[in-house]
Amino acid sequence: MVEGLVTIERIETQTSPEGGCIEIWTLNRPDRLNALNRATHQELIQACDRAESNDNVRVVVITGAHSPQDTKRPKPKSFAAGADIAEFSGKSSDDVRPFFENNAWEKIWNLTKPTIAMVDGYALGGGTELALSCDIRIASEDSNFGQPEINLGLIPGGGGTQRLTKIVGYGHAMELILTGDMIPANRALEIGLVNSVVPSSKLRGEVIALATKIAEKSPYTIKVAKRAIRSALDLPLTQGILAERSEFVALFDTEDSSIGVEAFLSKQKPEWVGK
Ligand code: CO8
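This text gives an overview of the structure that appears in the document.

What counts and how
Residues numbered from 1 in each chain as written. Predicted model: local features only at pLDDT ≥ 70, side-chain atom pairs only at ≥ 80, totals over all residues. Heavy atoms only, no water. Buried < 20%, exposed > 50% of the residue type's maximum accessible area, 1.4 Å probe, protein only. Helix = DSSP H or I, 4+ residues; strand = E, 2+ residues; numbered from the N terminus. Arc of directions from axis to C-beta. Contact = heavy atoms within 4.5 Å. Near = heavy atom within 4 Å. Polar contact = N/O pair within 3.5 Å; in protein donor to acceptor, adjacent residues only side chain to side chain. Nonpolar A, V, L, I, M, F, W, Y, C, P; charged D, E, K, R; others polar. Salt bridge = Lys/Arg side-chain N within 4 Å of Asp/Glu carboxyl O. Pairing = 2+ DSSP bridges. Core = buried A, V, L, I, M, F, W, Y, C linked by side-chain atoms within 4.5 Å.

## Considerations on helix 5 (residues 160–168)
Of the residues making up helix 5, those classed as buried are Gly160, Arg163, Leu164 and Val168. Along the axis of helix 5, the buried residues cluster in a sector spanning 105°; they form a single face. Pointing more than 90 degrees away from the buried face of helix 5 are the exposed residues Gln162 and Lys166. Buried residues in helix 5 make contact with helix 3 (104–109), helix 4 (126–132) and helix 6 (170–179).

Structural data, given as structure tokens:
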């Protein structure tokens with residue numbers, strides 16, 4: 001367990017090759033509803049660099065810490081209530097540009113490993129965008145999503161106008177960004193913003209089960225699958241089909257495709273080698 005503004009927990013899983021784990025990154029500023037300040041942002045970037053270079057990390061889960069609920073004025077549960085608005089005060093474009101040019105949202109989006117946002121509470125502004133930078137979003141019934149930047153005289157700046165539009169479609173993205181309204185988890189599910197909604201008490205178990213299932217596949221093939229699916233967002237259909245074909249055919253030269261095929265034919269569990 002690595003403690004900081006982003007707490008990192010590793011869960012060992014039964015993987016082949018051996019040693020695989022799921023990393024859970026917990027944003028740890030619950031008094032500020034896990035608002036993403038510069039320091040948190042830097043820690044997220046460092047966590048990305050470490051996870052990318054560590055072959056044992058198979059899946060990354062991102063979530064938010066909750067503040068104690070037994071105090072006089074408990075803070076609401078939050079995944080992340082956006083960028084830290086206090087850090088916007090008095091800033092010019094020249095002040096903020098360097099921060100946005102090297103930002104954690106893109107770093108997470110560009111991880112080659114699968115990522116899951118585990119959302120329990122508010123995911124607003126940069127918080128919804130952080131969830132959108134992940135490959136899969138699982139939310140508790142207590143969660144709320146939104147892009148309230150318009151109420152600050154701003155627009156989403158962590159990829160929200162782009163990824164939200166790709167994921168939920170033009171009309172829903174327009175409505176969310178132009179109104180700044182929050183939507184509850186069940187509405188987020190209806191518009192495809194989240195993959196599933198579960199009771200808060202079951203959220204961690206469901207996400208770990210999902211992450212474990214992915215961690216047990218060939219880590220090499222998982223990366224290829226992620227890259228191929230990404231092509232669907234970046235490329236026109238005909239080029240995307242060609243990109244997929246090229247990835248698919250190349251897999252026939254990998255040891256893991258031979259292992260997978262032979263394991264199926266001999267009714268064995270595949271023991272992946274990761275290449
Ligand atoms: N930044 C800083 N502090 C925050 C933030 C935030 N985004 N959100 C909440 N807080 C603080 C509050 O100021 C409050 O502090 P204190 O206890 O000292 O008064 C504490 O967290 C608890 O919050 P509230 O008292 O407001 O709790 P409520 O239950 O009354 O309300 C809300 C909860 C509705 C979530 C409310 O806090 C809220 O509206 N927060 C702001 C949400 C928002 O506007 N987010 C968008 C921010 S802009 C942004 O994200 C731009 C994205 C850029 C992406 C960058 C990519 C590179």
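## Structural notes on the site of the ligand
Around the ligand lies a shell of 26 residues, among which Arg73, Ala81, Ala83, Ile85 and Gly126 are the nearest. One of the side-chain N or O atoms of Arg32 is found 3.1 Å from an oxygen atom in the ligand. Between the ligand and Ile85, the relevant distance is 3.0 Å, taken from a nitrogen atom to a main-chain nitrogen or oxygen of the residue. Its residues placed into classes, the shell around the ligand shows 13 nonpolar, six polar and seven charged.

## Remarks on the pattern of salt bridges
All chains considered together, the criterion is met by 13 salt bridges. Note that Lys77 and Asp142 form a salt bridge whose closest N and O atoms lie 2.7 Å from each other. Here Asp142 lies in the loop between strand 7 (136–140) and strand 8 (144–146) and Lys77 lies in the loop between strand 3 (57–64) and strand 4 (78–80), a separation of 65 residues in the sequence. Here Arg163 makes a salt bridge to Glu106, at a shortest N to O gap of 2.6 Å. Of this pair, Arg163 sits in helix 5 while Glu106 sits in helix 3; the two residues are 57 residues apart in sequence, bridging distant segments of the chain. Each of Lys77, Asp120 and Asp142 takes part in a single network of salt bridges with overlapping partners.

## Points about the pairing of strand 2 (residues 21–27)
Burial analysis of strand 2 places seven of its seven residues in the buried class, the great majority of the element. Taking every second residue as pointing to the same face, both faces of strand 2 are buried, with Cys21, Glu23, Trp25 and Leu27 on one and Ile22, Ile24 and Thr26 on the other. Across seven bridges, strand 1 (residues 6–12) lies against strand 2 in antiparallel orientation. For Thr7, the partnering residue across the bridge sits in strand 2 and is Thr26. Pairing analysis gives seven bridges linking strand 2 to strand 3, with the strands arranged parallel. Bridge pairing in strand 3 places Thr26 opposite Thr63.

## Topic: the nonpolar core
Ranked by internal contacts, the top residues of the largest apolar core, which has 40 residues, are Trp25, Leu44, Phe79, Leu130, Phe145 and Leu193. The element best represented in this core is helix 1 (residues 38–53), accounting for five residues. Apart from the residues lying within four places of it in its own chain, the contact partners of Phe145 are Val119, Ala123, Leu124, Thr128, Ala139, Asp181, Met182, Ile183, Ala185, Ala188, Leu193 and Val194. Residues Ile11, Ile22, Ile24 and Leu203 belong to the second largest nonpolar core, which totals 17 residues.

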